[in-house]
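Fold and contact review
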Amino acid sequence: MIKKSCPAFFCTSGYLPNFYLCLVMTKITIAIDGYSSCGKSTLARSLAAKLGYNYVDSGAMYRCVTYDCLRKGIIKDGKFMREEVVKVLDTIHLSFVYNPSAKASDTYLNGENVEKQIRQMDVSRNVSHISVIKEVREMMAKLQRAMGKDKGVVMDGRDIGTNIFPDAELKIFMTADTDIRTQRRVDELTAKGNHVTFEEVKKNLLSRDYEDSHREENPLRKADDAVVLDNSDLNRDEQLEFVLKLVEDLKLLKKEEEKVSPQGAVKSTKDA
Ligand code: DC
């Protein structure tokens with residue numbers, strides 16, 4: 001009973017009685033960064049579901065800003081005035097609403113469900129240019145930190161472990177072979193009814209990887225303490241298992257710390 005109502009992993013431990021573990025239950029923050037179309041969202045979503053945590057797709061937030069600029073004509077043929085994008089930020093309200101049929105959260109822009117629109121190729125083509133803008137990054141960072149302030153969150157993106165939550169207890173850096181990533185993305189887009197070619201998608205992935213890792217503001221890079229996960233040869237279940245094992249190891253470590261200093265456990269509960 002207690003086990004079921006306590007989503008965090010500490011409740012499943014056999015070291016202390018469950019009721020006590022629930023009292024000292026400490027939620028953690030899990031940051032997942034990596035290259036485009038590595039399956040970060042798939043992993044983050046299933047991990048969050050397994051742990052009873054919130055999932056935040058930070059890329060969707062940058063996509064919303066880009067989509068809004070495209071539909072307002074602020075981005076034309078890949079060109080835009082920086083000041084006009086910055087002005088749009090004042091008019092943007094972002095939220096995530098759980099969609100039970102998709103068993104995932106949909107992204108809302110000013111109350112409108114834009115989950116499908118923000119995944120389209122014209123958004124993908126422009127999003128890296130929009131996400132270099134300092135003011136855009138500052139606004140997204142503020143929202144993301146607010147969403148993760150109570151911990152118990154899995155957030156994926158490009159700068160989560162390095163900039164948004166540098167103190168995250170678990171950081172994963174994902175990568176995979178470019179052709180495998182491209183094929184996965186092509187399959188995903190095709191399944192959603194988009195007509196795309198392998199070459200077009202590959203070009204987009206490579207240019208986004210380059211832009212995301214070479215920009216001035218919080219570029220994509222592996223945090224020093226992140227664990228690298230190359231999922232080229234792993235399926236969804238295998239990669240989830242890999243990360244759950246890391247979570248389990250973290251739990252054992254925590255248990256050892258609590259054994260040595262029981263005070264620490266109480267303190268970390270207050271912190272969480
Ligand atoms: O995760 P995604 O492919 O949906 O992200 C789209 C773009 O958003 C990505 O190419 C770069 C940008 N992004 C970012 O700059 N920082 C993040 N934390 C997440 C995404």
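Note: the structure precedes this text.
Our subject in this report is the structure included herewith. (Residues numbered from 1 in each chain as written. Predicted model: local features only at pLDDT ≥ 70, side-chain atom pairs only at ≥ 80, totals over all residues. Heavy atoms only, no water.)

Close to the ligand lie 15 residues, the nearest being Arg63, Arg137, Asp159, Arg208 and Arg215. Ser128 is positioned with one of its side-chain polar atoms (N or O) 3.4 Å from an oxygen atom of the ligand. Between an oxygen atom of the ligand and a side-chain N or O atom of Arg208, the distance comes to 2.8 Å. Protein burial of the ligand: of its 450 Å² of free accessible surface, 96% is covered by the chains. Among the detected pockets, the ligand sits in the largest pocket. Going through the elements one at a time, helix H4 (58-71), helix H6 (121-130) and helix H10 (198-214) are the ones with two or more residues in the shell around the ligand. The dominant element in the shell around the ligand, judged by the number of residues it contributes, is H4, at 4 residues. Counted by class, the shell around the ligand contains 3 nonpolar, 5 polar and 7 charged residues. (Near = heavy atom within 4 Å. Polar contact = N/O pair within 3.5 Å; in protein donor to acceptor, adjacent residues only side chain to side chain. Areas by Shrake-Rupley, 256 points an atom, 1.4 Å probe, with all protein chains shown as cover. 1 Å grid on protein atoms, 1.4 Å probe; cavity = no way out; pocket = protein on both sides within 12 Å on 5 of 7 lines; lining within 4 Å. Sits in = over half its atoms within 2 Å of the grid points. Helix = DSSP H or I, 4+ residues; strand = E, 2+ residues; numbered from the N terminus. Nonpolar A, V, L, I, M, F, W, Y, C, P; charged D, E, K, R; others polar.)

Attention shifts here to the sheet that holds strand S4 (residues 104-109). Spatially, 3 strands are ordered S3-S4-S5 in an open sheet, and the strand pairing comes out antiparallel. Either end of the sheet is taken by a strand with one partner, and the two such strands are strand S3 (94-99) and strand S5 (112-113). In terms of strand pairing, S4 meets S5 through 2 bridges, oriented antiparallel. Directly across from Tyr108, in S5, lies its bridge partner Asn113. Together, S3, S4 and S5 form the strand contacts of H4, whose direction differs from that of S4 by roughly 35°. (Pairing = 2+ DSSP bridges. Contact = heavy atoms within 4.5 Å. Axes fitted to C-alpha atoms, helices over the stretch in contact; angles between N-to-C directions.)

Below, the discussion takes up the packing of aromatic side chains. The tally for this structure, following the rule as stated, stands at 1 aromatic pair. Measuring from centroid to centroid gives 5.7 Å for Tyr35 and Phe173, while their planes differ by 80°, and the two rings are edge-to-face. On the criterion of sequence distance, the pair formed by Tyr35 in the loop between strand S1 (29-34) and helix H3 (40-51) and Phe173 in strand S7 (residues 170-175) is long-range, its members being 138 residues apart. Judged by its relative accessible area of 27%, Tyr35 is partly exposed. Its relative accessible area of 8% is what places Phe173 among the buried residues. (Phe/Tyr/Trp six-rings, centres within 6.5 Å; stacked < 30°, edge-to-face > 60°. Buried < 20%, exposed > 50% of the residue type's maximum accessible area, 1.4 Å probe, protein only.)

Right, let's talk about the pattern of salt bridges for a bit. Overall, the coordinates contain 18 salt bridges when judged by the stated rule. Close ionic contact of Asp57 with Arg119 constitutes a salt bridge, the shortest N to O distance being 3.0 Å. Taken together, the residues span a long stretch of sequence, with Asp57 in strand S2 (residues 54-57) and Arg119 in the loop between S5 and H6 at a distance of 62 residues. A residue is classified by how much of its surface remains accessible, and Asp57, at 9% relative accessible area, is buried. Between Arg71 and Glu112 there is a salt bridge, with the nearest N and O atoms lying 3.0 Å from each other. Placement of Arg71 in helix H4 and of Glu112 in strand S5 is noted, with a sequence separation of 41 residues between them. Taking relative accessible area as the criterion, Glu112 reaches 32% and is therefore assigned partly exposed. Connected via shared salt-bridge partners are Asp68, Arg71, Lys72 and Glu112. (Salt bridge = Lys/Arg side-chain N within 4 Å of Asp/Glu carboxyl O.)

Just distances and angles here, no functional claims.
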